[in-house]
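# Survey of secondary and tertiary structure
Read off the chains here:
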Amino acid sequence: MSARIRPDLAAIPSYVPGRSFPGAIKLASNETTHAPLPGVADAIAEAAQTVNRYPDNRNTELVGEIAKRLNVAPEQIAIGCGSVALCQELAQITAGPGDEVLYAWRSFEAYPVVTQVVGATAVTVPLTADHVHDLDAMAAAITPRTRLVFVCNPNNPTGTAVGRAALERFLDSVPANVLVVLDEAYFEYLRIPGADAPDGIELGRGRPNVVVLRTFSKAYGLAGMRVGYAVGDPEIIAALAKVHIPFSVNRLAQAAAMASLDAQAALLDRTHAVVDERARVRAALIEIGYDVPPTESNFVWLPLGERAAAFGEASAEAGVLVRPYGTDGVRVTIGDPEENDAFLAFAGQSAIVAEYAGSAASAG
Ligand SMILES: *Cc1c(COP(=O)(O)O)cnc(C)c1O
């Protein structure tokens, strides 16, 4: 007889890693293709000399540096083992059995998992026909049981973003006792111009029920290091510390994040290059005949419906790994120009075009 585990966990799908094989072009995980930013590998090597010691559980240096850069108090910042850990911690401090966690669908795959892990009930609101958050419908879906709302902006996997005015209207309609998480994992890739540029840190000022999540995994290129952070009201941040797994942000990760913050100019160059490439890739796909929503992140979304899985298989066979999502669509990360060209060459093959592009795809 085996040990007893919580029966409700059976409903959580086991993690299935993306397909990979040597030499494949990986456009499946929204990583940057570049090596870490200048100075980062050296900082990691130096920190390696002291890994006989526990890390600073309060992440004092990193918290101080982020606070300074964002013009918030250190008490407003929590560091996590990736921002996905913070998603789980936020669910842990707000929700349990009988409570509701609200989010759009399709959105980040971690939301349903962390909701189930804490035993809460997921309430999902479909994206609009344009693959954008339907904030009015989300506001309408809030009930007296709602404890936590995730808004992923830009949205993973569709790449779409909502602007500041729409977010403000939404936040103003949410009851003050419901925590709203603005997940800005792709913040550095946003290029919405002018006053409508959404910035969770600004939106959160004066709104203690707003928490912003950012990460070093995407634009900063530290996916393998596992560092993200939450910015919010000191009471929320103090609660996060209670459920935090002690020392889960290790010494190398803290040093790497610190060094990355010092490489802002290189970071900006890289994000500009990705933004240029995403415009090129999207235009090329539209030219071929695909439907591709506007994207504010480092990936594009192909709403292929039922054909998503087959497209993903065909792309993998052509040596380019992309990410199919059920019967919704396929997410393709923007890589470097050669990698993107390889994907475009696949997507533009006449047999693939006939099967997946244009009206054939939108019927699916
Ligand atoms: C990648 C991602 C994260 C978290 O990444 P970490 O590596 O855990 O920091 C969080 N939210 C969204 C929407 C993401 O796409």
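As a reminder, the structure under discussion sits directly above these lines.
Residues numbered from 1 in each chain as written. Predicted model: local features only at pLDDT ≥ 70, side-chain atom pairs only at ≥ 80, totals over all residues. Heavy atoms only, no water.

## Regarding helix α10 (residues 264–288)
- Compared with an ideal rise of 1.5 Å per residue, which puts 25 residues at 36 Å, α10 spans 36 Å between its outermost C-alpha atoms and is within 8% of the ideal.
- Within α10 the residues assigned to the buried category are Leu267, Arg270, Thr271, Val274, Val275, Glu277, Arg278, Val281 and Leu285.
- The inward-facing, buried residues of α10 abut β9 (299–302) and α12 (337–347).
- Trailing α10 by a residue or two, Gly289 shows a phi angle of about 125°, which is positive. (Helix = DSSP H or I, 4+ residues; strand = E, 2+ residues; numbered from the N terminus. Expected span 1.5 Å × (residues − 1). Buried < 20%, exposed > 50% of the residue type's maximum accessible area, 1.4 Å probe, protein only. Contact = heavy atoms within 4.5 Å.)

## Some remarks on the site of the ligand
- Taken together, 13 residues form the shell around the ligand, and within it Tyr186, Thr215, Ser217, Lys218 and Arg226 come nearest.
- Within the backbone of Val84, one N or O atom sits 3.0 Å away from an oxygen atom of the ligand.
- Contact with the protein chains hides 93% of the accessible area of the ligand, taken as 380 Å² for the molecule alone.
- With respect to the detected pockets, the ligand is housed in the largest pocket.
- Here the residues of the shell around the ligand are counted per class, giving five nonpolar, five polar and three charged. (Near = heavy atom within 4 Å. Polar contact = N/O pair within 3.5 Å; in protein donor to acceptor, adjacent residues only side chain to side chain. Areas by Shrake-Rupley, 256 points an atom, 1.4 Å probe, with all protein chains shown as cover. 1 Å grid on protein atoms, 1.4 Å probe; cavity = no way out; pocket = protein on both sides within 12 Å on 5 of 7 lines; lining within 4 Å. Sits in = over half its atoms within 2 Å of the grid points. Nonpolar A, V, L, I, M, F, W, Y, C, P; charged D, E, K, R; others polar.)

## Here we look at unusual backbone geometry
- With an omega of 10°, the peptide bond running from Trp105 to Arg106 counts as cis.
- Between Asn153 and Pro154 the backbone carries a cis peptide bond, its omega angle lying at -5°.
- Even without a glycine there, the phi angle at Arg226 is positive, about 70°.
- In this structure, Arg226 sits in the loop between β7 (210–215) and β8 (228–231).
- Taking relative accessible area as the criterion, Arg226 reaches 31% and is therefore assigned partly exposed.

## Some words on the packing of helix α3 (residues 83–94) against helix α8 (residues 234–243)
- Contact pair α3 / α8: the axes reach a minimum separation of 9 Å and the direction vectors enclose 100°. Judged by the inter-axis angle, α3 sits roughly perpendicular to α8. Residues Leu86, Glu89, Leu90, Gln92 and Ile93 of α3 touch α8, and the partners they reach there are Ile236, Ala239, Leu240 and Val243.
- For the contact of α3 with α8, a count of residues per class yields seven nonpolar, one polar and one charged. (Axes fitted to C-alpha atoms, helices over the stretch in contact; angles between N-to-C directions. Parallel < 35°, antiparallel > 145°, perpendicular 65-115°, else oblique.)

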